[in-house]
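# Overview (structure and organization)
Each chain is listed here by its residues.
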Amino acid sequence: MSQECQRKPDILQGTLDLMVLKTLAAMGPMHGYGLARRIEQLSDDAMQISQGTIYLCLVRLVHKGWIHAAWGTSENNRKAKFYSISKAGGKQLVTETQNWERVAGMIGRLLQLGTRG
Amino acid sequence: MLGALRERCARIRAFFRTSDLDRDFDEELQSHVAMLTEDNVRRGMTPEEARRAALIRVGGATSLRERHREARGLPAFDSLLQDLRFALRLLVKDRWFTTAVVVALALGVGVNTTVFTVINGWNLRDLPVDEPGRLMHLGTRDAQGRTRGVSYLDFLDWRDGSRTFTGLAAYADTSVNLGVEGRPADHLAGCFVSANAFSVLRERPIVGRDFRPEDDRLGAPAVIIVGHGVWTERFGADPSAIGRTIRVNGAPATIIGVMPLSFRFPYLAEVWQPLAQMPDLAAQPRDARAVAVFGRLADGVTLAQARAELSALTTALAGQFPATNQGIRGTVVKFTEQYFGSMTDGPPLIMMVAVGFVLLIACANAANLLLARAASRAPEISLRRALGASRGRIVRQLFVESLLLAALAGVFGLLLAWPLTRAIARETADFDLPYWARITFDGRVFGFVATICVGTAIVFGLAPAWKLSHLGTAERLRDTGRTTSGGSRSRRWMSGLLVGEIALSVILLASAGLLIRSARMLYAADQVIDASNLVTARLSLPPGKYGTAQERIAFYEQLELRIASIPSIASAAIGTALPFIGATRRDVALDSDLQAAAAGTRSAQTLAIGSRYFETLGLSMQRGRSFDARDGLPGQETAIVNERFVTMYLPGLDAIGRRIRLIGSGSTRASSAPLTIVGIAPTIRHTPARDASPVVYLPSRAQPAATMEMMMRSRANSTASVSLLREEVRTLDADVPLYHISTLERLSQQSRWTQRALSSMLGLFAAIATLLSAMGLYAITTYSISRRTSEIGIRMALGAQRLQVSWLFLRGTLVHVGLGLTIGLAGAVAMGQVLRGVLVQTNALDPFTFASVVVLLAVVAVVACLAPTWRASALDPAVALRRD
């Protein structure tokens, strides 16, 4: 049930959001399957979640207005829903990236501190 | 912030498009699976393998759809809808259970709604003016606690001394004969008002102008403001009516304004004149309390402060004018309350208590049915608990079921209340109730129904729900509803509720019995008068033309002569009051105690009557004679008293020939000339809805009032005689209209209405209560038999007789019934004290009524319990044992 999303660390949700936004910004409009494949490849198949979960993330991003969805035709002539990043999504990506870099930098420095001590 | 709002909106939109979006998502998933399958095939899998692997990789479609819905919609609302759908299915499945609960609750809600609608229409409805809640009525009470008006001089002092009101205005009801050029005189209800009255109400004329202070001075030119009805009917809604002169009680007056449609302040007035036009206003002494006062509370002033201030003012006036104001206290109540009284005493209170009891019984009944069903629900609930449903979730599910039942009951209750309130509205349509009082279903009534539905759902549903969710899962799973143990706690609950139901039924039945008895007494007492073919009417002599007693006496004498000459009229008489309707009450002194200080303790209603008053009513004197033409002449100061007067004030004495005096209402206590009693009349009621009281009848010649009631007994068709009478009056004087035409039978009914309504409503409520209790008893016995079927089988197999088996169940029930009857009787005695104020010639502890109630309920209880028991004892032991 809905608990599952919340029970898995929120970091995962945030990470998935960021991955989706970044992928869409970099590669242009994509359908859900393509996104799932792309993210799996990028993470070296480390993210072994059921592929359907990506849609829970997508519908949330659509509601937030960060991405748009529209039906279209896939490369092998199949009907599929294509997602593209919106202006607000672009802004969000910038903030999220900065956020991520700040946190990553902070954690990195912290870990370096640890090895010295 | 904006994003959150946007997301909320998107979620609400998504919630309402659930099925569309579900289909959309399904399609998307399908295309996803198809693409993955293709890729898998490309990797070398067989098509079946590829598809299987793809489905696993994507995840369960049902669960995904569910989670997708949660991610995009309103999950809390979704599960509530689920609960609702489930509850609805269950209620449809358990049709008999649903019907029983809904019928019980609908009866409870229906009677409550009916009573509330009437109380709302009469006691709670406000005047249709701005901020009506701050309009107060000011009056006085005398040393004996009787309600009195306010004297004009006192009003002036109150007005000058008061700081808690933004304005104090005076008014006095009147009736006017209105003559418009080219039309016969009409009689209308009117009102004298002080010049500021409309501005205190915050109302103003739609045409013309309001009264000005200079209009309200002695000797000012006569002006009048007319109502919308008068303006449209008599002047065709022509604005040029302003400035026209009409004849008001025979004297000319100029129309200066027209009030808006549906403004009929204070009750049903159609024309308004300045208070200064009130006859003899300037000459009125301080103890002629002929006006009423109202005012608007100033901002921030509480009712208590206003009362304190008025109390200080009246105390000061009593010190200043002890002769007239000793013992006079001021009263302040909400304006509408002075007409219908407070809703917390008398009939409204009795009605509310009664319907409250009915609702409690209905709730107990519903709770019992739910508890009984809980036994069969237990396995289902335990399964849900075992599958991880939280306790709160279970309680919510069960509460939704109760709420649904209550909502159904609310709908049917409204359907039940509709014809009942219509009937009451119809019956009271000709009661001349104030213009603001109206019995309708308004927002407040619907709010009330919604509140009691939720309230009842909480009362009858929450406790069983909590209990059911409370027990551990393991034991519940084991208990498949057939064992007799484990249910003892809920059986104790059920027995307690049953005892309560029976006790409340006893109270209702006893109250209904007393009220019905009282209404019958009142009805029987009225039957001494043969009211058939008795037409009544009222006439008012214009003060200008008939200023002296001599002129009025002459008019009435001529009128009596003329009516006597109409062949179709058997008898006719005038009087200042008709039977059944109120007459003024005055203190009386007997010749034996003229000096005694106790003189004020005797009082009697006084009315002046024509010589054929009793003959027209079809009554003959108990002793002595009735009045003749000479009574009332100087030297012939005579009076007739009724039988009740004799039994109360002159017991065992010969009343004929004794002398009495009437004491003035003022503190000077001026007494009349001694009156010699010449006759004793049978007791008839001159009080609405109350027992008859002592009456002193005076000859009309001694008190020729300007307004007189008429009654005449026609030999045949009474409608024809009305027009004949109208003709006679018109020939005598075209300026004297006849109005308030009715029949004595109708007046008798109207004056008994409160008693009749109370007794028939309580009879209905008591019948419902008894029915519900019987239903409850039947259901519980049936339930306890179903729990003990195997026990019955064993007992029968071991040789128990039918009677013995029946007794097994009857015994327990009889204990509960006995307990309920005892508690109920104690409650009925207490309720009798509340009823005492409205009972007429009925003992509040009437043993016959109480005994019949006990017997009736006992019989009903035994029958309700015996029916299922007897059926159970007829079971074949073999079948009973195998049943579970």
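Preceding this paragraph is the structure being described.
Residues numbered from 1 in each chain as written. Chains lettered and ligands numbered in written order. Predicted model: local features only at pLDDT ≥ 70, side-chain atom pairs only at ≥ 80, totals over all residues. Heavy atoms only, no water.

## Some details on the pattern of salt bridges
All names here are of chain B. Using the following cut-off: One side-chain nitrogen of Lys or Arg within 4 Å of one carboxyl oxygen of Asp or Glu is enough to make a salt bridge. Each helix corresponds to a stretch of at least 4 residues labelled H or I by DSSP, and each strand to a stretch of at least 2 residues labelled E; elements are numbered beginning at the N terminus. Here's how the labels work: a residue is buried when its accessible area is under 20% of the maximum for its type, exposed when over 50%, partly exposed in between, all with a 1.4 Å probe on protein chains only.
As enumerated under the stated definition, the model contains 43 salt bridges over all chains in all. For Arg42, the salt bridge goes to Asp39, with nearest N and O atoms at 2.9 Å. On the criterion of helical spacing, the pair formed by Arg42 and Asp39 is a turn pair, its members being three residues apart in helix α2 (residues 18-42). Among the salt bridges present, the one from Asp157 reaches Arg286, with a minimum N-O distance of 2.7 Å. One end of the pair, Asp157, is in helix α7 (residues 152-161); the other, Arg286, is in the loop between β9 (271-274) and β10 (292-297), and 129 residues separate them in sequence. Residue Asp157 is classed as partly exposed on the basis of its relative accessible area of 28%. Arg286 gets classed as buried once you look at its relative accessible area, which sits at 11%.

## A closer look at the interface of chain A and chain B
Here is the rule: Note on contacts: a residue pair qualifies if any of its non-hydrogen atoms lie within 4.5 Å across the two residues. Two parts lose some accessible area (1.4 Å probe) when they are put together, and adding that loss for both gives the buried area. For the purposes of these results, a polar contact is taken to be a pair of N or O atoms within 3.5 Å, where, inside protein, one atom must be able to donate a hydrogen and its partner to accept one; residues adjacent in sequence count only when each atom of the pair is a side-chain atom.
Taken residue by residue, the interface counts 30 residues in chain A and 28 residues in chain B. Looking only at chain A, the three residues that lose the most surface to chain B are Tyr33, Tyr55 and His63 of chain A, adding up to 26% of its buried area. Applying the counting criterion to the chain A and chain B interface returns five salt bridges. When the shortest N-O distance is used, the salt bridge between Lys81 of chain A and Asp24 of chain B registers 2.3 Å. In this structure, the connection of chain A to chain B is made through 13 residue pairs in polar contact (both at pLDDT 80 or more). If you tally residues by element for the side of chain A that touches chain B, the top one is helix α4 (residues 53-64) of chain A, at seven residues.

## Quick word on the pairing of strand β18 (residues 659-663) of chain B
Residue and element names in this part refer to chain B. For clarity, the cut-off: Pairing between strands is defined by DSSP: at least two bridges between them are needed.
With four bridges joining them, strand β14 (residues 585-590) and β18 adopt antiparallel strand pairing. Within the sheet, the bridge partner assigned to Asp587 lies in β18 and is Ile663. Where β18 meets strand β19 (residues 675-681), two bridges bridge the pair, whose relative direction is antiparallel. When the sheet's bridge partners are listed, Ile660 is paired in β19 with Leu675.

## Considerations on the packing of aromatic side chains
Residue and element names in this part refer to chain B. Note the cut-off: Any Phe, Tyr or Trp ring, taking Trp's six-membered ring, that has another such ring centre within 6.5 Å forms a pair; planes under 30 degrees apart are called stacked, those over 60 apart edge-to-face, and the others tilted. As a reminder, the over-ring test applies to NZ of lysine and CZ of arginine, requiring each to be within 6 Å of the ring centre and within 35 degrees of the ring normal.
As enumerated under the stated definition, the model contains 33 aromatic pairs over all chains in all. Here the aromatic rings of Tyr171 and Phe294 are separated by 5.8 Å at their centres, their planes lie at 55 degrees, and the arrangement is tilted. A residue pair is termed long-range when its members are at least 10 positions apart, and Tyr171 in strand β3 (residues 165-179) and Phe294 in strand β10 qualify at 123 residues. Given a relative accessible area of 2%, Tyr171 falls into the buried group. One Lys or Arg, Arg286, reaches over the ring of Phe321 and ends 3.7 Å from the middle of that ring. Over the aromatic face of Trp418 sits the side chain of Arg422, whose NZ or CZ is 5.2 Å from the ring centroid.

## Comments concerning helix α5 (residues 75-93) of chain B
Residue and element names in this part refer to chain B. Short version of the rule: The span one expects for a helix is its residue count, reduced by one, times 1.5 Å. Each direction from the helix axis to a C-beta atom contributes to the arc, which is the arc of those directions.
Helix length check: α5, at 19 residues, gives a terminal C-alpha distance of 27 Å against a target of 27 Å (1.5 Å per residue), a fit within 8%. Among all positions of α5, only Ser79, Asp83, Ala87, Leu90 and Leu91 are buried. Viewed end-on, α5 has its buried residues packed into an arc of 115 degrees, placing them on one side of the element. Set apart from the buried face of α5 by more than 90 degrees, the exposed residues are Arg85, Arg89 and Lys93. Taken together, the buried residues of α5 touch α6 (95-124), α13 (347-386) and α14 (391-427).

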